[in-house]
Structures are given as C-alpha cells and as structure tokens.
Amino acid sequence: MLFNTLPFAFFFAVVFAFWTVFEDRPVHRFWLLVVASLFFYAGWDARYLVLLTSIAGANYLIGKQLEAAEAPALRSRWMLLAMVVNLGALGVFKYTDFALEVLKPVGLKLGVNPEAWPGPFHIVLPVGISFFTFQGLGYVIDIHRKQKPAEKRFRDLFLALAFFPHLVAGPIVRPYELIPKLHHP
C-alpha cells in the first residue's frame, strides 16, 4: 500500500477516525496502532510478518540479555549476535541472488557444472527491511552503550519497529525516541 494511493488514504482515514474515538483511552490507541501497523505490512505480503516479528523478538531478547550481562566479553558476544541477526537478515534478503551471480563465473572456472550452480533464488526483498533491521540494531546499540535500558514489554519495541507511518519511508528512528510518544501522545 503506497502512501500516495486511494487505498492508503482510506486506511489512514479509518485509523485516524478510531484514533479520535479513543482519545481518552491510551491503551486502545496503542493497540489500534499495533493492529494498523500489522494490517499495513500484511497488505504488502502477510508472510513477511513472521520476519518482522522475529527481528523484533530477537532484538527484544538480546536487549534483555545485554542489560543483564555485566562481563564485557559477554556483552560483546550479545552485541555480535545482534549484528549477525539484523545484518544477516538484511544480507540474505538483499544480497543472496547478487552474490550467487557474482560468484557464478568463479564456480565455472573451478569446474563447477553450470547446471549444479544454485540460484538465482529470486528472493523478494521485504518492504521496509532496512528500516526495521537498522532500528533494531540501534536499539541494541543503545543498550550495549548503557545509554538506555531494555524495554520491559515486547509490544512496545514491536510497535516502534513496525509503526506504519515510517515503516517503509523512514526516517530510521531510534525506538527510544518513539516509544515514550506512543504512551504519552
């Protein structure tokens, strides 16, 4: 759903209408934004909700472990895992087919049968993957640097990563800039 289309205008009008109805109910507003963000993302391809939720979940769990870890070596390992999860997901979706095409001539020179060469897999790049992976990484970096605490509730971090107005068009916002505004608009 593109921002400059009639379906988005209708979607936004409905969300805004419910937002005003729930003026005195911040919890209802919060869940309205969660549901709207899930619906918005699913409108592109619902299968990738698993990826979005997994990235949010991994960053949430790693953030909790980072906050609890005292030893610098252990903190570094958790930070490395966060980098592998976030940049690994981005790399798999963004560069797998490209890497296979670049390495294909090398494989041919080494005698690999062209019929046995994998791919291209025609991997579809999930919409907004750069935004939510870099936001997740920024969240964990803030915890690693002891600048911010880990979020107490998964739902807060999830909404910060999945928030539909900036999910596909940015900007990349640190979750700590957005989460307080979600609870105190």
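The structure presented is a predicted model; accordingly, all values stated were derived computationally and were not measured.

In this structure, Phe-132 and Phe-164 are the most contacted members of the largest nonpolar core, which totals 45 residues. Put simply, the parts of the chain that give this core at least two residues each are α1 (6–21), α2 (26–45), α3 (49–68), α4 (72–109), α5 (129–144), α6 (154–162), α7 (164–167) and α8 (175–183). The biggest single contributor to this core is α3, with 8 residues. The residues contacting Phe-164, other than those within four sequence positions of it, are Phe-3, Phe-8, Phe-11, Phe-12, Val-15, Leu-33, Ala-36, Ser-37 and Phe-40.

Looking at the protein chain as a whole, its pLDDT mean stands at 89, while 96% of the residues score no less than 70. Within the protein chain, α3 carries the highest mean pLDDT (97), whereas α7 carries the lowest (80).

The subject of this paragraph is the environment of Ala-160. Relative to the helices and strands, Ala-160 resides in helix α6. Given the relative accessible area of 1%, Ala-160 is considered buried. The sequence separation of Ala-160 and Gly-43 amounts to 117 residues, and the corresponding C-alpha distance is 19 Å. Setting aside residues no more than four positions away along its own chain, Ala-160 makes contact with Gln-135, His-166, Pro-175, Leu-178 and Ile-179.

In this section: the packing of α6 against α8. Taken N-terminus to C-terminus, the directions of α6 and α8 make an angle of 110 degrees; their axes are 9 Å apart at the nearest point. For the element pair α6 / α8, the angle class is roughly perpendicular. Crossing hand, α6 versus α8: right-handed. Every residue of α8 that contacts α6 at Asp-156, Leu-157, Leu-159, Ala-160 and Leu-161 is listed here: Pro-175, Leu-178, Ile-179, Leu-182 and His-183. Considering only residue class, the contact of α6 with α8 consists of 8 nonpolar, 1 polar and 1 charged.

Right, let's talk about α3 for a bit. Look at α3: 29 Å from first C-alpha to last across 20 residues, which is about the 28 Å you get at 1.5 Å a residue. Those residues of α3 that sit buried are Leu-49, Leu-51, Leu-52, Ile-55, Ala-56, Gly-57, Ala-58, Asn-59, Tyr-60, Ile-62, Gly-63 and Leu-66. Close packing links the buried residues of α3 with α2, α4, α5 and α6.

A few words now on unusual backbone geometry. Residue Lys-146 is not a glycine yet carries a positive backbone phi of 60 degrees. For Lys-146, the location among the structural elements is in the loop between α5 and α6. Residue Lys-146 is classed as exposed on the basis of its relative accessible area of 58%.

In the structure shown here, the tally under the stated rule is 4 salt bridges. Note that Asp-142 and Arg-174 form a salt bridge whose closest N and O atoms lie 2.9 Å from each other. Taken together, the residues Asp-142 in helix α5 and Arg-174 in the loop between α7 and α8 connect sequence positions 32 residues apart. Given a relative accessible area of 4%, Asp-142 falls into the buried group. Put simply, Asp-156 and Arg-155 hold a salt bridge, and the shortest N to O gap is 3.8 Å.

Moving on to the packing of α3 against α5. As a packed pair, α3 and α5 sit with axes 9 Å apart at the nearest point and diverge in direction by 5 degrees. By the criterion of interaxial angle, the relationship of α3 to α5 is roughly parallel. For the pair formed by α3 and α5, the contact residues are Leu-51, Leu-52, Ile-55, Asn-59, Tyr-60, Ile-62, Gly-63, Leu-66 and Glu-67 on the first element and Ile-129, Phe-132, Thr-133, Gly-136, Leu-137, Tyr-139, Val-140, Ile-143 and His-144 on the second. Each residue belonging to the contact of α3 with α5 can be placed in one class, and the counts come to 12 nonpolar, 5 polar and 1 charged.

For α8, the set of buried residues is Pro-175, Tyr-176, Leu-178, Ile-179 and Leu-182. Along the axis of α8, the buried residues cluster in a sector spanning 160 degrees; they form a single face. Check the buried side of α8 and you find it contacts α2, α5, α6 and α7.

Rules behind the numbers
- Residues numbered from 1 in each chain as written.
- Predicted model: local features only at pLDDT ≥ 70, side-chain atom pairs only at ≥ 80, totals over all residues.
- Heavy atoms only, no water.
- Core = buried A, V, L, I, M, F, W, Y, C linked by side-chain atoms within 4.5 Å.
- Buried < 20%, exposed > 50% of the residue type's maximum accessible area, 1.4 Å probe, protein only.
- Helix = DSSP H or I, 4+ residues; strand = E, 2+ residues; numbered from the N terminus.
- Contact = heavy atoms within 4.5 Å.
- pLDDT = per-residue confidence, 0-100.
- Axes fitted to C-alpha atoms, helices over the stretch in contact; angles between N-to-C directions.
- Parallel < 35°, antiparallel > 145°, perpendicular 65-115°, else oblique.
- Left-handed = near helix turned anticlockwise from the far one by under 90°.
- Nonpolar A, V, L, I, M, F, W, Y, C, P; charged D, E, K, R; others polar.
- Expected span 1.5 Å × (residues − 1).
- Salt bridge = Lys/Arg side-chain N within 4 Å of Asp/Glu carboxyl O.
- Arc of directions from axis to C-beta.

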